[in-house]
Each structure stands twice: as C-alpha cells, then as structure tokens.
Amino acid sequence: MGPYTPKAWEETDIDIKITHCSVCSSDLSTLRSSWAPAEYPCCVGHEIVGVAMRVGSAVTNGISVGDRVAVGPQSDACLGRRGVCQECASGRENYCHIHLTGTYNGRYLSGDKSFGGFGRYHRAPSHFVFRVPDGLPSAHAAPMMCAGVTTYSALKRNGCGPGKNVGIIGIGGLGHFGILWAKALGAEKVVAISRRSNKREDAIRLGADEYLATEDDADWAGAHKMTLDLLICTVSSSQMPLESYLSCLRTDGCFVQIGLPEDKFPPFRAGLLASRAAKVAGSFIGAPHEIRKMLQLAVDKRVVPWVTERPMKEANAAIVDMAQGKARYRYVLVNEES
C-alpha cells in the first residue's frame, strides 16, 4: 500500500500519529473480498492506538493534542444527520443502518473513502476516537478496539456476571478476550470450548475454569447438557456442532454469534430453543459508550490480552501468519519510530 489521500478535514476530526495497530481476521476477509468486493486500493487495520496530533475546533469529547487515543472498526454513523435514526439516538451507533462507515473500505457521508491503520497516520471523526486510560499499555489497548469490544459487548448486554455460567466457543483473538472479560465481569464459571485439546493449557492460564475439546472429549455435550446460561460463539464455521452447543444451554439461556462466517449458519432443530425458552442472538462490535466502559474495566481488573508485537513493516507477513493460526492470540504492529 502506497500513499493515499485521507478524508477531507472537518473541524470535528482528529488526526492521529499511529503507534500501534493490531491485526484482525476482518483485515484478511476484506482484502480477499470474502464478504463483499473490496474497493481497492484498501489500507486495512481497525484496532488503532496513537497520539492525537491535530484536534478540530468543533471536537467536544475532551480530547486534546498529545492525548493517547484509540479507534476501532467504526469510523462514523449517520448520528441523525440523515434523518431520524433510532439506533444512533439510543446510543447504539454500531447498529446504524442509515450510514455506518467502517474505519477502512468504507465511505463517509461526504463520499470520501476511509483508510485504516496499517500506516503512520490516521484521520477520524472525533465521535469514534477514544482516550486510552492511564495504566493501559497501548499494545494491550489496540486489540481491545475490535476483538475486545466485540466480546465485551456480547457478554455485557446478555447478562454475564455473578452467578452465571458462561461458555466461550473458539479460543483465538476473539475467544481469548471472551475468557478474560467473562472473568473480569464476575462470571461464576467460564468454560472454554475448542475443537482440539491443544489450547487447554492456554485457556486455563487465561482464567477458564473448565475446557472442552469437542473432537477429543467423548460425550462432552451429554456431560454438559443444560449447564450454561450464556454461550458466546467466536468461530466462523458452517460445520460447527450447533445443536450440541444449544443442548448445553439452561432454561432461558442464550447463544450469541459474534464470529462472521463467509458461508451460511448451520441448521438446527427449533425444539432445542422451544424446550428451554432459549434464544439465538447476534452481536456486532460495540457502541462508543461500551468502548469507554470496557477500557476502564481493563484498567480496574488488570485485563492483560496475549499479544505479540511486530514492526509495522511486517504487516503483510503478520496477516499471513494470522491466517495460518500462528498468533497467540493477537499480533500488534508497532511503528518503531514512534
């Protein structure tokens, strides 16, 4: 990716000198045009941390030049500028269906294209720029901006807390955050669920109370029938044993899909829901107010994601390594001169 022209400056914008940007599977899916055709040239990266170097005169969120700030996968929304939007009006900007702008491969209301954080600088509307709290390392804050808030939001909005038994399906960039947040939110028991046994030790070190390997543990579903209040699914596979997962839900339990498959969701029998008043739901990134609360929780509960720092010049290699499952559990690109 060579030089590109950012969106035209507006006085509600903030320019950021990027110090860190972590690698998300969404970057690869976008570059491959897996979900929809990408608009090339495309600079990916939507887990950005850096320093505010220019702050518009109409910025009202308290950010000043020199502050350490972060940007996640959403860069703009209609915010009522194109008519009535119930989502934006109710603090759920991440579900804006009038005009949601991704931090890369998107279009602003002006028509200008959005470019991400695999670079030295980033310009973003201030509504979606957040101050990083003191005490939270930049390399830890970066992956929280997408993988972190996607799991935090799904857990928080679906009742994770004291007395709840929570399962996290898939132990990767998203799933490892799921374990960390479930423990930080006070879940009674956290069960890590993966296909094979090779991540058992990692999951326990992250804080899981129990580990299930669906391809290695005999009768795992029968042994855990109706034991979980909440299941957060981070995997993106049409072949996952969905009916077995649903059988693990207690009465009034909820299965929440946050992984984004490139093909269809697996079929399942409706009786698995009706017989236990269970729900299947979805959850998408996080709203600004959730991001602020999440960052503070990370400081208060000393949440430490597992990251490997790599020079920004290794961005292409890091994406390839991530696609091959080598990350444990998030690569963070660093502008070494910063």
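Just so we're clear, the structure is a prediction, and the values are computed from it rather than from any experiment. (Residues numbered from 1 in each chain as written. Predicted model: local features only at pLDDT ≥ 70, side-chain atom pairs only at ≥ 80, totals over all residues. Heavy atoms only, no water.)

Chemist: Account for helix H10 (residues 315–323), naming residues and giving values.
Modeler: Here H10 has its buried residues at Ala 315, Ala 318, Ile 319, Asp 321 and Met 322. Take H10 and look down its axis: the buried residues cluster within an arc of 165 degrees, on one side only. Elements in contact with the buried residues of H10: helix H1 (25–31), strand E14 (307–311) and strand E15 (330–334). Looking one or two residues past H10, Gly 325 carries a phi angle of roughly 75 degrees, positive in sign. (Buried < 20%, exposed > 50% of the residue type's maximum accessible area, 1.4 Å probe, protein only. Helix = DSSP H or I, 4+ residues; strand = E, 2+ residues; numbered from the N terminus. Arc of directions from axis to C-beta. Contact = heavy atoms within 4.5 Å.)

Chemist: Account for the domain arrangement of the chain, naming residues and giving values.
Modeler: Per the domain assignment, the segments making up the chain are domain 1 (13–146 + 286–334) and domain 2 (148–282). Each partner contributes residues to the interface: domain 1 has 24 residues there, and domain 2 has 23 residues. If you sort the residues of domain 1 by the area they bury against domain 2, Glu 290, Trp 306 and Tyr 329 come out on top, with a joint share of 31%. The tally of links from domain 1 across to domain 2 stands at 2 salt bridges. (Domains from an automatic or database assignment. Buried area = accessible area lost by both parts, 1.4 Å probe. Salt bridge = Lys/Arg side-chain N within 4 Å of Asp/Glu carboxyl O.)

Chemist: Describe the packing of aromatic side chains, with residues and values.
Modeler: Summed over all chains, the structure comprises 6 aromatic pairs. Plain terms: the ring middles of Trp 220 and Tyr 245 are 5.7 Å apart, the flat faces sit at 50 degrees to each other, and that makes the pair tilted. On the criterion of sequence distance, the pair formed by Trp 220 in helix H6 (residues 220–223) and Tyr 245 in helix H7 (residues 242–247) is long-range, its members being 25 residues apart. Taken individually, Trp 220 and Tyr 245 each receive the classification buried, so the pair is uniform in this respect. On the numbers, 6.4 Å between centres and 65 degrees between planes, the contact of Phe 255 with Phe 265 is edge-to-face. (Phe/Tyr/Trp six-rings, centres within 6.5 Å; stacked < 30°, edge-to-face > 60°.)

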